[in-house]
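# Summary of structural features
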Amino acid sequence: LCPQVPELQKATVRIRQPERVREIIQALREQGVAKLQVISDFDMTLSRFGCNGRRCPTSHNILDTSRVISEDGKKKLKDLLHYYYPIEIDPNRTLEEKRPLMVEWWTKAHELLVQQKIHKSDIAQIVRESEAMLRDGFKEFFDQLHKNNIPLFIFSAGVGDILEEIIRQANVFYPNVNVVSNYMGFSDDGVLTHFKGPLIHTYNKNNSVLQGTGYFQQLSTRTSIILLGDSMGDLTMADGVPSVENILKIGFLNDKVEERRRKYLDSYDIVLESDETLDVVNGILRYLLAE
């Protein structure tokens, strides 16, 4: 496929159009580092889906299951998850059907969290005590982008305060990293009172929630994109980029692999099945950044 990127030979890699993928990788390399940016989801994309047979927590899970949430609150949040998550990943429902239900889920979850009177000062400790893990190879990934001044845009439907803390504690929160997510709003004495808008859920990660940030406008020369996601909703994350010349979409298929494989192969250029590493992404970056 691309001898310069041996990682593409991994058993976890599936590609429907190898020729096209090779062309995109070549084009990204020819356009050069100065034109490259990376747009990525966070939960289950940069963070791990599982470890030793157990699920790793998302940024929401970390909060939902932490010691600052009452038992009653934990139960209610879990009930929401059991009701809405199957809807979120149901391949037979349309996005039109899913969108209002996702807004409903996030809104209810955020309301429950606000009732818990969470303190801003507790967040670092909550993350420290959690089982959050970034994917293997994360350090090389963040370091390579930082060293080469490549912007990394993290677009997350998770909790911004939590995911920033995960990156901070991993010592890779560099100046080239920008995050758009659901952030908590605190009172003067540091108690959670609300979540700042606009609400970002799995299926509205596009221009509609980026209005006013102007982020992609500032990067209008960055027309080569590597997009990393783990859901169908992540495919629209680059919609705000003014003029995309080349885009390589890499999808992590973490869950229900058999029933979702076809949809992923139709939508993403490269699909990584049950792969808890950033090996393939790092291999591609290494090739693009090689002199």
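Residues numbered from 1 in each chain as written. Predicted model: local features only at pLDDT ≥ 70, side-chain atom pairs only at ≥ 80, totals over all residues. Heavy atoms only, no water.

Going by what an unreviewed UniProt entry lists, the protein chain is known as 5'-nucleotidase and is assigned to Rhodinocichla rosea. Recorded in UniProt for the protein chain, the comment headed Sequence similarities (unreviewed entry) runs: "Belongs to the pyrimidine 5'-nucleotidase family." (UniProt positions renumbered as here; feature names shortened; annotations may be inferred.)

### Things to note about the overall build of the protein chain
Secondary structure summary: the protein chain contains ten helices and eleven strands in total. Scaling as 2.2 N^0.38, a compact globule of 291 residues should have a C-alpha radius of gyration of about 19 Å, and the protein chain matches this with 19 Å. Taking all 291 residues of the protein chain together, the buried fraction comes to 56%. In the protein chain, 71% of the contacts between residues at least 6 apart in sequence involve partners at least 24 apart. Summing over all exposed atoms, the protein chain offers an accessible surface of approximately 13100 Å²; the carbon and sulfur share of this is 49%. (Helix = DSSP H or I, 4+ residues; strand = E, 2+ residues; numbered from the N terminus. Rg over C-alpha atoms; globule rule 2.2 N^0.38 Å. Buried < 20%, exposed > 50% of the residue type's maximum accessible area, 1.4 Å probe, protein only. Contact = heavy atoms within 4.5 Å. Areas by Shrake-Rupley, 256 points an atom, 1.4 Å probe, with all protein chains shown as cover.)

### Description of the sheet that holds strand β5 (residues 152-159)
Ordered by their spatial adjacency, seven strands build an open sheet running β1-β11-β10-β9-β2-β5-β6, and the pairing between neighbours is mixed. Across the chains shown, the open sheet's two edge strands, defined by having one partner strand only, are β1 (13-14) and β6 (177-182). Of the strand pairs in this sheet, strand β2 (residues 36-40) and strand β9 (residues 224-229) are connected by five bridges, and their pairing is parallel. In the sheet register, Ser-40 faces β9, and the bridge partner there is Leu-228. Contacts from helix α1 (residues 18-31) reach β2, β9, β10 (246-253) and β11 (270-273), with the element oriented near 125 degrees to β10. In the packing of helix α7 (residues 160-169) onto the sheet, the strands contacted are β5 and β6, and the crossing angle to β5 comes to about 130 degrees. (Pairing = 2+ DSSP bridges. Axes fitted to C-alpha atoms, helices over the stretch in contact; angles between N-to-C directions.)

### Some points on α1
For α1, with 14 residues, the first-to-last C-alpha span of 20 Å sits near the 20 Å given by 1.5 Å per residue. Within α1 the residues assigned to the buried category are Val-21, Ile-24, Ile-25, Ala-27 and Leu-28. Viewed along the axis of α1, the buried residues span an arc of 160 degrees, placing them on a single side of the element. The inward-facing, buried residues of α1 abut β2, β9, β10, β11 and α10 (279-289). (Expected span 1.5 Å × (residues − 1). Arc of directions from axis to C-beta.)

### Description of the packing of helix α6 (residues 138-147) against α10
For the pair α6 and α10, interaxial distance at closest approach is 10 Å and the crossing angle is 25 degrees. By the criterion of interaxial angle, the relationship of α6 to α10 is roughly parallel. For the pair α6 and α10, the crossing hand works out as left-handed. Contact with α6, carried on its side by Glu-140, Phe-141, Gln-144 and Leu-145, involves Val-281, Asn-282, Leu-285, Arg-286 and Leu-289 of α10 and no other residues of that element. By residue class, the composition of the contact of α6 with α10 is five nonpolar, two polar and two charged. (Parallel < 35°, antiparallel > 145°, perpendicular 65-115°, else oblique. Left-handed = near helix turned anticlockwise from the far one by under 90°. Nonpolar A, V, L, I, M, F, W, Y, C, P; charged D, E, K, R; others polar.)

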